[in-house]
Amino acid sequence: MIAVRDFTYTYPAAPRPALIDINLEIAPGQFVGVVGANGAGKSTLCYALSGFIPDFYRGDVKGSLSVAGRDLCKTPVAELAGEVGLVFANPFNQITGARFTVREELAFGLENLGRPRDEMVARVDEALRLTGLTELADRSPYALSGGQQQRVAIASVIVLRPKVLVLDEPTSQLDPVGAREVFETLDALTGEGATVILAEHKLEWIAAHADRVIALRGGRVAADGTPREVLADASAEELGLMPTRYTLAARLAATQGVVKRDGPLPVTLDEAREFFGGRQREGA
Amino acid sequence: MTNAFSLYTPRASALHRLHPLTMLALVVFCLVAGLALPGPWGPYVVFLLLILPLAALGQVLPNLLSTAVKIALPFAISVFLIQGLFWTGGTPVVELGPLSLKREGLWFAAQSTGRVLTVVSSFLLLSLTTRPDALMIALDQRGAPKTLTYIVLATIQIAPRFQAKARTILDAQRARGLETEGSVGRRVAALLPLVVPLVLGSIIDIEERAMALDARAFSRSGPKTSLLTLRDTSAQRAGRWLLLLGMIAVVALGIWLRRAA
Amino acid sequence: MQRSFNTLTLALIPVAIAINIAIGQIIVLLKLPVYLDSIGTVLVGLLAGPIAGLITGGLTNIIWGVSGLNPQYTPFFYVAAVIGLMAGIFARLGWARTIWMWALGGLITGVVAAIISAPTSAIVFGGVTGAGTDLIVAALRASGAGIMQATFGQGIVSDPLDKLATFVIVWLIVRALPLRLRVRFPNAEYLPK
Ligand SMILES: Nc1ncnc2c1ncn2[C@@H]1O[C@H](COP(=O)(O)OP(=O)(O)OP(=O)(O)O)[C@@H](O)[C@H]1O
Ligand SMILES: [Mg+2]
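Anyway, here's the lowdown on the structure attached to this text.

So, how was this worked out
- Residues numbered from 1 in each chain as written.
- Chains lettered and ligands numbered in written order.
- Predicted model: local features only at pLDDT ≥ 70, side-chain atom pairs only at ≥ 80, totals over all residues.
- Heavy atoms only, no water.
- Near = heavy atom within 4 Å.
- Polar contact = N/O pair within 3.5 Å; in protein donor to acceptor, adjacent residues only side chain to side chain.
- Areas by Shrake-Rupley, 256 points an atom, 1.4 Å probe, with all protein chains shown as cover.
- 1 Å grid on protein atoms, 1.4 Å probe; cavity = no way out; pocket = protein on both sides within 12 Å on 5 of 7 lines; lining within 4 Å.
- Sits in = over half its atoms within 2 Å of the grid points.
- Helix = DSSP H or I, 4+ residues; strand = E, 2+ residues; numbered from the N terminus.
- Nonpolar A, V, L, I, M, F, W, Y, C, P; charged D, E, K, R; others polar.
- Phe/Tyr/Trp six-rings, centres within 6.5 Å; stacked < 30°, edge-to-face > 60°.
- Lys NZ or Arg CZ within 6 Å of the ring centre and 35° of its normal.
- Salt bridge = Lys/Arg side-chain N within 4 Å of Asp/Glu carboxyl O.
- Buried < 20%, exposed > 50% of the residue type's maximum accessible area, 1.4 Å probe, protein only.
- Axes fitted to C-alpha atoms, helices over the stretch in contact; angles between N-to-C directions.
- Parallel < 35°, antiparallel > 145°, perpendicular 65-115°, else oblique.
- Left-handed = near helix turned anticlockwise from the far one by under 90°.
- Contact = heavy atoms within 4.5 Å.
- Points joined across faces, edges and corners; volume = space filled by probe spheres on them.
- Buried area = accessible area lost by both parts, 1.4 Å probe.

Not every one of the 13 residues close to ligand 1 is listed here, only the nearest: N38, G39, K42, S43 and T44 of chain A. Residue neighbours of ligand 1 fall on chains A and C, so the site bridges chains. Between ligand 1 and the protein, one listed contact pairs an oxygen atom with a backbone N or O atom of G39 of chain A at 2.8 Å. Computed on the free molecule, ligand 1 has an accessible area of 630 Å², of which 73% lies beneath the protein chains in the complex. The site holding ligand 1 turns out to be the second largest pocket. In terms of residues, the shell around ligand 1 owes the most to one element, helix α1 (residues 42-49) of chain A, which gives three residues. Broken down by class, the residue content of the shell around ligand 1 amounts to four nonpolar, six polar and three charged.

Structure below.
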């Protein structure tokens, strides 16, 4: 349902393109991790998939990018709010400040879409529940912790029921507790069957949750496959990706002859258990 | 409302229950009456007979009085001294060594103090009894631009955070020995390391703030709805029209009184 | 999308007003003979044009006052609006390209601010502010100046200096902004350097 064709993008006044010849198909309900070194183009891809490029950023676009048949390059981003949603790193900047309580902050997007009040109340309650914010609904969003604010940001986007939810390093400015809160929220959301695109440096979490990983380098897609195919591959380090501790342990064990196995190295705890010859968790 | 830049003080009062536009009309009436009525007595009549009783009704009298006095007192002292002592060609009433207080100057100072008091206390009455978000939403339900509502509400929520940030930077600068001596130019220049990072940082942030707005369909055209509902009554609607007529009447009265004098 | 300004300008305005207020209040604490409470306003004028500057200035004083925190500023909202408007016009004239023309713009804005604020200051506030600059009013009154002249005299001593400092600070800030951000503002082609 997401189709990117020969997509090349250059920011205004930039000397070279930030994305080059991107071709992608992303099926509905897929959970896609986007990885790569700093400056590889992860954020830029996120902005493109959520409609901010080119409408908001301007610049020069070649190729096409569509979600559910709708050409994102030809639609103003404000008209896309119910179709694609974007969450980014800084929680403070994502609180619009246009409303005084968490509940009203969540309703803000629905108000702008002109939804009837009854529907608004029901949808806000649901989004509060999904993000675990029900207790905080009547607090000021500014009085919350970073992790809670980030959940408010996620809730204000999912309340619009976008077909695609794009998150650009949503935990990079949070402390470990806040990061865990956000990841738990994402876990609950992916259970709901939404299409999620997550740019993230925390590869272990990606490895354990994503259906698919896209690695970028210098604005190009350098690898695309299952987490294990991309992250355990010997070339991953050239892409600026830190191998997971499972991969590192397995590689060390294999080179020192502790275990004798060929085939791909593990990237998650379950795969590591299997690799080291342990039993698969029952019913996992 | 500790998180917003506002003095709003929740109370279970009749004033707090009024529709925000009724409250606004009431306060504008006080303001217009205070400035329209002549002589030193005009503003004081409004202050004593209108603003103070209203504040009492709103259960915010102590808050209003203490803040109003704190703001008006430096003005009062300044204006009584300056205009009292240095009024050109006035009638001396009190001799103070080589100087003297002039009757006309004191008269003028009394009038200015009254006006300052009315202006300040009218705004205080509004802010103490009216939730700013309710006021803005009421205005935008009456067709004021959404952008205005956004600007006002976002400002009052981020201003306290900026003040805190500015304080932190200032304290850091002070700890490193901020230039407090020397010429004005030197001292202003010494402020640059305080001001520039604060402003630069916040300007860089606005890109993301704008994206958050667009992600919530803010700039979408078409009709919008509102979660917050405000209670209005036909009595209050009539009251607002009466206040509007009252403003015209009080301006006319003011002109007539000045003519008669 | 028929709107007077883009979302970036819209997001800039409340931040600029908060800057006016935060810095304005710090300066009061430091007892400097300048106000520096229009840095945000001039910044918006320069980056986003005269109308956005006007709105930023006017709303600064209205919000500052109606919030109950500084009610004495509200009657001067039109002065603040004119400052933003003038910054925007000078920017559109290309004066921000060099610091000298821009500083001149600051001085002119200060003179205009002194002229147009005097009547309100005299009529509503009896010509005083309750701050240190009242000594100037006192001196002028003592030497026989009328209330309006004395008020204007106070303004013409403090305003041009203040606006000069403000314009120069804003210019330095805008020059330090990353190019990728500068190109996104409506006034991109009129910015320094
Ligand atoms: N607004 C902009 N204008 C011009 N160039 C930009 C802009 N934003 C990013 N770039 C450039 O585009 C390239 C890709 O940047 P991008 O932010 O997408 O990388 P990233 O993978 O998200 O990096 P990080 O891990 O640091 O977030 C970089 O070379 C960057 O300098
Ligand atoms: Mg990034």
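Here the narrative resumes.
One pass over the full model with this rule turns up 18 aromatic pairs over all chains. Aromatic side chains W102 of chain C and F167 of chain C sit 4.7 Å apart centroid to centroid with 40 degrees between the ring planes, which places their arrangement in the tilted category. With W102 of chain C in helix α5 (residues 99-125) and F167 of chain C in helix α7 (residues 147-176), this pair connects stretches of sequence that are 65 residues apart. One aromatic cluster in this structure is built from Y9, Y11, Y47, F52, F56 and Y57 of chain A. The ring of W87 of chain B has R141 of chain C sitting right over it, with the charged end atom 5.0 Å from the ring centre. The side chain of R184 of chain C reaches across the aromatic face of F56 of chain A, ending 4.6 Å from its centre.

Per the stated rule, a full pass over the model turns up 27 salt bridges over all chains. Put simply, K62 of chain A and D60 of chain A hold a salt bridge, and the shortest N to O gap is 3.4 Å. For E184 of chain A, the salt bridge goes to R180 of chain A, with nearest N and O atoms at 3.6 Å. One end of the pair is E184 of chain A and the other is R180 of chain A, both in helix α6 (residues 176-190) and four residues apart, which spans about a single turn. Judged by its relative accessible area of 48%, E184 of chain A is partly exposed. Here the salt bridges share partners, and the residues they tie into one network are R142, D232, R237 and R240 of chain B.

Moving on to the packing of helix α3 (residues 41-57) of chain B against helix α5 (residues 103-129) of chain B. Residues and elements named next belong to chain B. One can describe the packing of α3 onto α5 by two numbers: an axis separation of 9 Å at closest approach and a directional angle of 25 degrees. Relative to α5, the element α3 is oriented roughly parallel. Note on packing geometry: the crossing formed by α3 with α5 is left-handed. Along its contact with α3, which presents P43, Y44, V46, F47, I51, L54 and A55, the element α5 presents A110, Q111, T113, G114, R115, L117, T118, S121, S122 and L125. Broken down by class, the residue content of the contact of α3 with α5 amounts to 10 nonpolar, six polar and one charged.

This next bit is on the layout of surface pockets. The space that makes up the second largest pocket amounts to roughly 1000 Å³. As for the second largest pocket, its lining consists of 36 residues, and the residues nearest its centre are Y11, S43, T44 and Y47 of chain A together with R180 of chain C. When residues of the lining of the second largest pocket are traced back to their parent elements, those giving at least two are α1 of chain A, α8 (184-215) of chain B together with α8 (179-182) of chain C. Of the residues contributing to the lining of the second largest pocket, the split by class is 17 nonpolar, 10 polar and nine charged.

At the interface, 68 residues of chain C touch 62 residues of chain B. Both sides of the chain C and chain B interface together cover about 5700 Å² of buried area, and 81% of this is carbon and sulfur. Summed over the shared surface of chain C and chain B, the number is 10 residue pairs in polar contact (both at pLDDT 80 or more). Of all the elements in the fold, those that place two or more residues in the side of chain C that touches chain B are α1 (7-30), α2 (39-48), α3 (50-66), α5, α6 (134-142) and α7 of chain C. When residues in the side of chain C that touches chain B are grouped by element, the largest group, 19 residues, is from α1 of chain C.

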